[in-house]
Amino acid sequence: MTVPGAWYLGLSALLFGIGATGLLIRRNVLVMFMCVELMLNAVNLTFITLARMLDDIGGQSSVFFVLVVAAAEVVVGLGIIVAIYRRRVGATADDLHVLKG
Amino acid sequence: MVAAATHIPDWIVFGVSGVAILVGAVGVVLSRNPVHAALMLVLTLFGVAAEFINQQAHFLAAVQIIVYAGAIVILFLFVIMLLGVDREENIASEPLKGQRPAALVIGLVVLVELATITRFTDWASGAHSVAGTVSGPGENIQKLGQSIFTRYLFPFEITSVLLVIAVVGAVVLARRPHPVAGELTREEQEEVMQS
């Protein structure tokens with residue numbers, strides 16, 4: 001093992017933290033969505049690292065499935081965003097408070 | 001000493017792509033223009049692909065670039081351009097008071113938590129090579145394919161159902177919206193906002 005797995009896990013923890021913070025800070029729905037992608041990538045990196053540490057191809061298979069789910073999620077999510085922008089003028093996360101009870 | 005010297009390229013790749021990942025991630029969070037955020041996301045994705053190659057996941061590195069940078073980010077840019085939301089956003093305004101500090105605190109807590117877990121817990125415990133090996137003879141793509149089409153065949157079939165549902169959902173969402181009684185159209189909303 002060359003670069004220890006703990007370094008990669010630390011890097012993906014940092015990436016996940018940045019993504020989570022961005023999701024909470026930003027108000028633009030598209031940028032929030034990109035932050036979700038950052039978090040997904042952090043998890044993928046963790047999977048690959050543990051696959052290497054345990055010498056188990058199952059981790060790489062999991063990343064394959066995460067990629068498929070991410071693609072499906074982006075298609076539906078962007079469809080919803082387009083539908084919202086068509087109906088309403090302002091569409092930051094704060095403008096979409098009509099759903100609150 | 002020879003063994004240590006051969007590890008230096010790995011460290012260089014790890015460092016460079018790690019910096020690219022973090023710079024891209026911070027850029028996504030802080031850039032005002034959504035287009036810039038999407039391009040910063042590409043930087044992060046390329047860095048993650050390089051880390052994949054560094055850990056013997058060659059096929060997934062290629063898929064990462066093709067699917068993420070090639071399809072998902074292009075889809076983001078398409079939506080940004082189509083909707084015309086590529087104007088600069090006023091980052092400083094904060095309608096919900098105290099949201100930013102609270103978000104920063106929560107983000108820091110998550111970060112410290114994850115760092116502590118990865119530092120003090122040995123996650124790489126348990127049975128090794130359950131679904132097959134990563135190292136050893138043979139191509140990475142062959143081992144991955146064998147694993148997916150034997151051990152993970154049922155989940156693989158389920159993903160096809162998921163993709164069909166996603167396509168149908170996207171088509172339904174993309175249809176022209178029916179007018180709802182009592183709701184202002186987009187043009188009427190703009191008039192109200194201007195007056």
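Owing to the predicted nature of the structure, the values given are computational and were not obtained by experimental measurement. (Residues numbered from 1 in each chain as written. Chains lettered and ligands numbered in written order. Predicted model: local features only at pLDDT ≥ 70, side-chain atom pairs only at ≥ 80, totals over all residues.)

**Observations concerning the overall build of chain B**
Cut-off, in case you're wondering: Numbered from the N terminus, helices here are DSSP runs of H or I no shorter than four residues, and strands are runs of E no shorter than two. The reference for a compact globule is 2.2 Å times residues^0.38; the radius of gyration itself is calculated from the C-alpha atoms.
A tally of regular secondary structure across chain B gives eight helices and zero strands. Along its sequence from the N terminus, chain B presents helices and strands in the succession α-α-α-α-α-α-α-α. Its C-alpha atoms give chain B a radius of gyration of 23 Å, more than 25% over the compact-globule value 16 Å for 195 residues. Dimensions along the principal axes, computed over C-alpha positions, put chain B at roughly 75 × 40 × 30 Å.

**A short note on the overall build of chain A**
For clarity, the threshold we go by: Here the C-beta atoms are placed from the backbone, and a residue counts as buried if at least 20 other C-beta atoms lie within 10 Å of its own, exposed if 12 or fewer do, and partly exposed otherwise. We call two residues in contact when the distance between their C-beta atoms, placed using the backbone, is within 7 Å.
When helices and strands are counted, chain A shows three helices and zero strands. Listing each helix as α and each strand as β along chain A from the N terminus yields α-α-α. When the 101 residues of chain A are sorted by exposure, 51% land in the buried category. The contacts of chain A with a sequence gap of at least 6 include a subset with a gap of at least 24, amounting to 48%.

**A closer look at the nonpolar core**
Soluble globular proteins: nonpolar side chains tend toward being buried together. This is how it is decided: Here, a nonpolar core means buried Ala, Val, Leu, Ile, Met, Phe, Trp, Tyr and Cys residues linked by C-beta atoms lying within 7 Å of one another.
Formed by 59 residues in total, the largest nonpolar core has its most connected members in Leu15, Leu30 and Met34 of chain A together with Val28 of chain B. Here this core takes 13 residues from helix H2 (residues 29-53) of chain A, the largest share from any one element. In this view, Val28 of chain B contacts Gly22, Val31, Met34, Cys35 and Leu38 of chain A together with Ala37, Met40, Leu41 and Thr44 of chain B; residues no more than four positions away in its chain are not counted.

**So, the interface of chain B and chain A**
Formally: Residue classes follow a fixed rule: Ala, Val, Leu, Ile, Met, Phe, Trp, Tyr, Cys and Pro count as nonpolar, while Asp, Glu, Lys and Arg count as charged, and any other residue, Gly among them, counts as polar.
Contact residues are listed per partner, giving 77 residues for chain B and 68 residues for chain A. Mapped onto the side of chain B that touches chain A, the elements with two or more residues apiece are helix H2 (8-30), helix H3 (34-54), helix H4 (58-83), helix H5 (99-120), helix H6 (140-151), helix H7 (153-174) and helix H8 (186-194) of chain B. For the side of chain B that touches chain A, a count of residues per class yields 53 nonpolar, 16 polar and eight charged.

**Examining unusual backbone geometry**
The residue Asp55 of chain A is not glycine, and still its phi comes out positive at about 50°. If you trace the backbone, Asp55 of chain A turns up in the loop between H2 and helix H3 (58-87). One non-glycine residue, Gln56 of chain B, adopts positive backbone phi at about 60°. For Gln56 of chain B, the position within the fold is in the loop between H3 and H4. Since 18 C-beta atoms lie within 10 Å of it, Gln56 of chain B is described here as partly exposed.

**Section: H2 of chain B**
Note the threshold: For a helix, the expected span equals 1.5 Å multiplied by the number of residues minus one.
For H2 of chain B, spanning 23 residues, the distance from its first C-alpha to its last is 33 Å, which sits close to the expected 33 Å at 1.5 Å a residue. Among the residues of H2 of chain B, those classed as buried are Phe14, Ser17, Gly18, Ile21, Gly24, Ala25, Val28 and Val29 of chain B. In this structure, the buried residues of H2 of chain B make contact with helix H1 (5-25) and H2 of chain A together with H3 of chain B.

**Points about the packing of H3 of chain B against H4 of chain B**
Residues and elements named next belong to chain B. Short version of the rule: Each axis is a line fitted through C-alpha atoms, taken for helices only over the stretch in contact, and angles between the N-to-C directions span 0 to 180 degrees. Oblique is the label for every angle not falling under 35 degrees (roughly parallel), over 145 degrees (roughly antiparallel), or within 65 to 115 degrees (roughly perpendicular).
It is the contact of H3 with H4, at a shortest axis distance of 9 Å, that shows an interaxial angle of 175°. Classified by the interaxial angle, the pair formed by H3 and H4 is roughly antiparallel. Facing Pro34, Val35, Ala38, Leu41, Val42, Leu45, Phe46, Val48, Ala49, Phe52 and Ile53 of H3, the residues of H4 in contact are His58, Leu60, Ala61, Gln64, Ile65, Tyr68, Ala69, Val73, Phe76, Leu77 and Ile80. Taken together, the residues of the contact of H3 with H4 sort by class into 20 nonpolar, two polar and no charged.

**What about the domain arrangement of chain B?**
Here is the rule we go by: An automatic or database domain assignment is the source of the domain bounds shown.
By domain assignment, chain B separates into domain 1 (7-89) and domain 2 (139-178). Spacing between the C-alpha centres of domain 1 of chain B and domain 2 of chain B amounts to 23 Å.

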